[in-house]
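Descriptive structure summary
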Amino acid sequence: MLYALLAVFLAGVVRGYTGFGFSALVMLSLALFLPPAAVVPVLLLLEIAASVHMLPAVWRRIDRRIMAWLMLGSMISVPAGMFLLASLPADRMRLIISVLVLLITLLLWRGYRFPSHGRTGLVLATGLVAGVMTGIAAIGGLVVVVMFLSISLPVAVVRATMVAFQMLQSVYTLAIAGTYSLIDGHTFLAAL
């Protein structure tokens, strides 16, 4: 329990500073000892709690058009990711999660930028990938960060849109997790 609290605390510091990365850090830390299917719903609840408290401060700066396209893509693909989480063995999920985080980390480290031609298509495609990644491991925000680095927007708009997107996506994903019976009383207790 002490290890989990420390992992969540340190990931919270990173999220407070950057606006992203919380779920990836917690997932990588806790999935070493717990099945990812038990960690994801807790992470979704924690993302909602963190975002609700930040949302009033960023509300006016949200890019609603980008938000709508991200959510559309995410709503289409979250069920596929959640299906994989609910049906694949924990060890296989750990490998998939590790590879996804490593790939996105390499993209960020190398300064990769998605081609920004056809911005709506890029945002929709990012939403689709983010949805699968959120369903699998609650780490879809990482690919959204790569997308935001590929388009020119003020930092305040990016942060505001990320906060709102992560909250809405987490609410939706949590509802899908419920259909796979991945949520119970222990989920809420662990999140608390």
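Residues numbered from 1 in each chain as written. Predicted model: local features only at pLDDT ≥ 70, side-chain atom pairs only at ≥ 80, totals over all residues. Heavy atoms only, no water.

Section: the side chain of Ser170
Assignment of secondary structure puts Ser170 in helix 8 (residues 155-179). Here Ser170 is in contact with Leu44, Glu47 and Ile48, once residues within four sequence places are set aside. (Helix = DSSP H or I, 4+ residues; strand = E, 2+ residues; numbered from the N terminus. Contact = heavy atoms within 4.5 Å.)

Notes on unusual backbone geometry
A positive phi angle, near 60 degrees, is found at Ala138, a position not held by glycine. As for its position among the elements, Ala138 is in the loop between helix 6 (119-137) and helix 7 (141-150).

What to know about the confidence of the model for the chain
Confidence in the prediction for the chain averages 90 pLDDT; 98% of positions are at 70 or higher. No element of the chain has a lower mean pLDDT than helix 1 (residues 2-18), at 86, and none a higher one than helix 4 (residues 64-87), at 96. (pLDDT = per-residue confidence, 0-100.)

Remarks on helix 3 (residues 36-58)
Over its 23 residues, helix 3 extends 31 Å from the first C-alpha to the last, a length consistent with the 33 Å expected when each residue adds 1.5 Å. Roughly 35 degrees is the biggest bend found in helix 3, and it falls at Val52, with proline Pro56 one to four residues downstream. (Expected span 1.5 Å × (residues − 1). Bend = angle between axes of the 7 residues up to and from the residue.)

Considering the nonpolar core
Residues Met27, Val144, Met147 and Phe148 are the most contacted members of the largest nonpolar core, which totals 59 residues. Among the elements of the structure, helix 2 (22-30), helix 3, helix 4, helix 5 (90-109), helix 6, helix 7 and helix 8 are those that each provide at least two residues to this core. Top element by residues in this core is helix 3. It accounts for eleven residues. Discounting chain neighbours no more than four positions away, the residues touching Met147 are Ile66, Leu70, Phe114, Leu122, Val123 and Thr126. (Core = buried A, V, L, I, M, F, W, Y, C linked by side-chain atoms within 4.5 Å. Buried < 20%, exposed > 50% of the residue type's maximum accessible area, 1.4 Å probe, protein only.)

Quick notes on the packing of aromatic side chains
Between two aromatic rings, the relevant description is the distance of the centres plus the angle of the planes. Here the structure, examined in full by the defined rule, presents one aromatic pair. Between Tyr3 and Phe33, the aromatic rings sit 5.3 Å apart at their centres with planes inclined by 80 degrees, giving edge-to-face as the arrangement. Taken together, the residues span a long stretch of sequence, with Tyr3 in helix 1 and Phe33 in the loop between helix 2 and helix 3 at a distance of 30 residues. By relative accessible area, Tyr3 is classed as partly exposed at 40%. For the cation-ring pair, Arg64 lies above Trp59, with the distance from its terminal atom to the ring centre recorded as 4.7 Å. For the cation-ring pair, Arg110 lies above Trp109, with the distance from its terminal atom to the ring centre recorded as 5.6 Å. (Phe/Tyr/Trp six-rings, centres within 6.5 Å; stacked < 30°, edge-to-face > 60°. Lys NZ or Arg CZ within 6 Å of the ring centre and 35° of its normal.)

Let's talk about the side chain of Asp63
When you line up the elements, Asp63 lands in the loop between helix 3 and helix 4. Although Asp63 is buried, it forms no salt bridge, and the closest oppositely charged side chain is Arg119 at an N-O distance of 4.4 Å. Within the structure, the side chain of Asp63 is placed 3.2 Å from the backbone nitrogen of Arg65, a separation counted as a polar contact. Those residues in contact with Asp63, other than ones at most four positions away along the chain, are Arg119, Leu153, Val157 and Thr161. (Lys, Arg positive; Asp, Glu negative; His and termini not counted. Salt bridge = Lys/Arg side-chain N within 4 Å of Asp/Glu carboxyl O. Polar contact = N/O pair within 3.5 Å; in protein donor to acceptor, adjacent residues only side chain to side chain.)

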